[in-house]
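Now for the letters of each chain:
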Amino acid sequence: MASLLKIDVSPRGGYSYSRQLGQTFVEGWQAAHAGGTVVERDLAKNQPTFLDLPWIAGAFTPPDQHSDESKAALKVSNEIIAEVQAADHILITTPMYNFQIPAVLKAWIDHLVRVGVTVNYTESGPVGTLLGKKVTVIVASAGAYPKGEPSEAYDHLTPYLKHILGFIGLTDVTFLAAGGASGIQYGKISEEDWKKPFVEKAKELAKA
Ligand SMILES: Cc1cc2nc3c(=O)[nH]c(=O)nc-3n(C[C@H](O)[C@H](O)[C@H](O)COP(=O)(O)O)c2cc1C
């Protein structure tokens, strides 16, 4: 049975464009994968902790040497990793904040990237362990950062996510960039017209 893990990031609830497009994706994915399961992790409601000393001490020592503090610190990490390991497809819906991913998504990534668990250092370099999975990333942003345009250089979110996901083996990553939302705010385009092409794209990606 196919399984989809949905990671939501925006704190804007039902107003969030990235979440709305994510919901369209989920409905399309469910239609294409009868009986498939959807697991949701809402990083706005359930913010991952930041890595601290007990986490680091635990992540770089064998489990039988872990203090109670390290065990507690790694619990979130273990849950986050187990959810990704169990999924066939991971959907991340996120806003762009300050040309990057929001801090809660970075905190989730910090728990997910674990040496000896999701990435192994070998003689030929680091090798990710999360293989054979698809990732779809839906990004909402006020500005637009299309490929080949000078503004592309401001987009530090897309290259970073591609890099860090690939580092842990998640190399099949598709981005849906829902850019230019500021046009709605400035009255240049209606919310419906702005969303239309991205809704179509989300439906198309859900079938893949
Ligand atoms: C704190 C903050 C920082 C933002 N930084 C950027 C940015 O660097 N570039 C951009 O294009 N939009 C930026 N935006 C606009 C959001 O990306 C935009 O409002 C998007 O629709 C938010 O996603 P959501 O609708 O899913 O909540 C920022 C918004 C906030 C609140």
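The structure presented is a predicted model; accordingly, all values stated were derived computationally and were not measured.

Caption draft 1: Representation of helix α5 (residues 157–167) in the model. Listing the buried residues of α5 in full gives L157, T158, L161, I164 and L165. Along the axis of α5, the buried positions cluster into a sector of 145°, meaning they face one direction only. The elements touched by buried residues of α5 are β3 (89–95), α4 (103–112), β6 (134–140) and β7 (172–178). Looking at the residues trailing α5, positive phi occurs at G169, about 100°.

Caption draft 2: Quick look at a nonpolar patch on the surface. A cluster of nonpolar side chains, contributed by L51, I56, F60, V115 and Y121, occupies part of the molecular surface with about 490 Å² of accessible area. One can find L51 in the loop between β2 (37–42) and α2 (53–59). Here L51 falls in the partly exposed class, since its relative accessible area comes to 32%.

Caption draft 3: Summary view of the pattern of salt bridges. As enumerated under the stated definition, the model contains 11 salt bridges in all. Between R41 and E83 there is a salt bridge whose closest N-O contact spans 2.7 Å. Of this pair, R41 sits in strand β2 while E83 sits in helix α3 (residues 68–86), and the two are 42 residues apart along the sequence. R41 sits in the buried class, given a relative accessible area of 8%. Using a relative accessible area of 21% as the deciding quantity, one classes E83 as partly exposed. K196 serves as the salt-bridge partner of D193, at 3.4 Å between the closest nitrogen and oxygen. With D193 and K196 both in helix α7 (residues 191–207) and 3 residues apart, the pair spans about one turn of that helix. Residue D193 is classed as partly exposed on the basis of its relative accessible area of 40%. Its relative accessible area of 46% is what places K196 among the partly exposed residues.

Caption draft 4: Representation of the packing of aromatic side chains within the structure. Scanning the model with the defined rule gives 5 aromatic pairs in all. Between F99 and Y154, the aromatic rings sit 5.9 Å apart at their centres with planes inclined by 35°, giving tilted as the arrangement. Of this pair, F99 sits in the loop between β3 and α4 while Y154 sits in the loop between β6 and α5, placing them 55 residues apart in sequence. Plain terms: the ring middles of W194 and F198 are 5.0 Å apart, the flat faces sit at 65° to each other, and that makes the pair edge-to-face. Of this pair, W194 and F198 both sit in helix α7, 4 residues apart, which is roughly one turn of that helix. Across the pair, F198 and W194 agree in class, each one buried. Members of the aromatic cluster, each reached through a chain of ring pairs, are Y17, W194 and F198.

Caption draft 5: Molecular detail of the site of the ligand. As a structural note, the neighbourhood of the ligand is formed by 15 residues, with S10, R12, S16, S18 and Y145 the closest of them. Between the ligand and R12 there is a distance of 2.7 Å, counted from an oxygen atom to a side-chain nitrogen or oxygen. If the ligand stood free it would expose 630 Å²; the protein chains cover 74% of that surface. For the shell around the ligand, a count of residues per class yields 8 nonpolar, 6 polar and 1 charged.

Caption draft 6: Structural context of the UniProt feature "domain: Flavodoxin-like fold" (unreviewed entry) in the protein chain. Those residues carrying the UniProt feature "domain: Flavodoxin-like fold" (unreviewed entry) are residues 4–184 in this numbering. Between the end C-alpha atoms of residues 4–184 there is a gap of 31 Å, over a span that is 36% helix and 22% strand.

Caption draft 7: Spotlight on the sheet that holds β6. Ordered by their spatial adjacency, 5 strands build an open sheet running β2-β1-β3-β6-β7, and the pairing between neighbours is parallel. Every other strand in the sheet has two partners, leaving β2 and β7 as the edge strands with one partner each. Averaged over all pairs of adjacent strands, the angle between strand axes in this sheet comes to 15°, irrespective of strand direction. Two elements, β6 and β7, share 7 bridges in a ladder whose sense is parallel. Along β7, the bridge assignment pairs K134 with D172.

Cut-off values and rules
Residues numbered from 1 in each chain as written. Predicted model: local features only at pLDDT ≥ 70, side-chain atom pairs only at ≥ 80, totals over all residues. Heavy atoms only, no water. Buried < 20%, exposed > 50% of the residue type's maximum accessible area, 1.4 Å probe, protein only. Helix = DSSP H or I, 4+ residues; strand = E, 2+ residues; numbered from the N terminus. Arc of directions from axis to C-beta. Contact = heavy atoms within 4.5 Å. Patch = residues over 30% accessible without salt bridge, like charges linked within 9 Å, V, L, I, M, F, W, Y side chains within 5 Å. Areas by Shrake-Rupley, 256 points an atom, 1.4 Å probe, with all protein chains shown as cover. Salt bridge = Lys/Arg side-chain N within 4 Å of Asp/Glu carboxyl O. Phe/Tyr/Trp six-rings, centres within 6.5 Å; stacked < 30°, edge-to-face > 60°. Near = heavy atom within 4 Å. Polar contact = N/O pair within 3.5 Å; in protein donor to acceptor, adjacent residues only side chain to side chain. Nonpolar A, V, L, I, M, F, W, Y, C, P; charged D, E, K, R; others polar. UniProt positions renumbered as here; feature names shortened; annotations may be inferred. Pairing = 2+ DSSP bridges. Axes fitted to C-alpha atoms, helices over the stretch in contact; angles between N-to-C directions.

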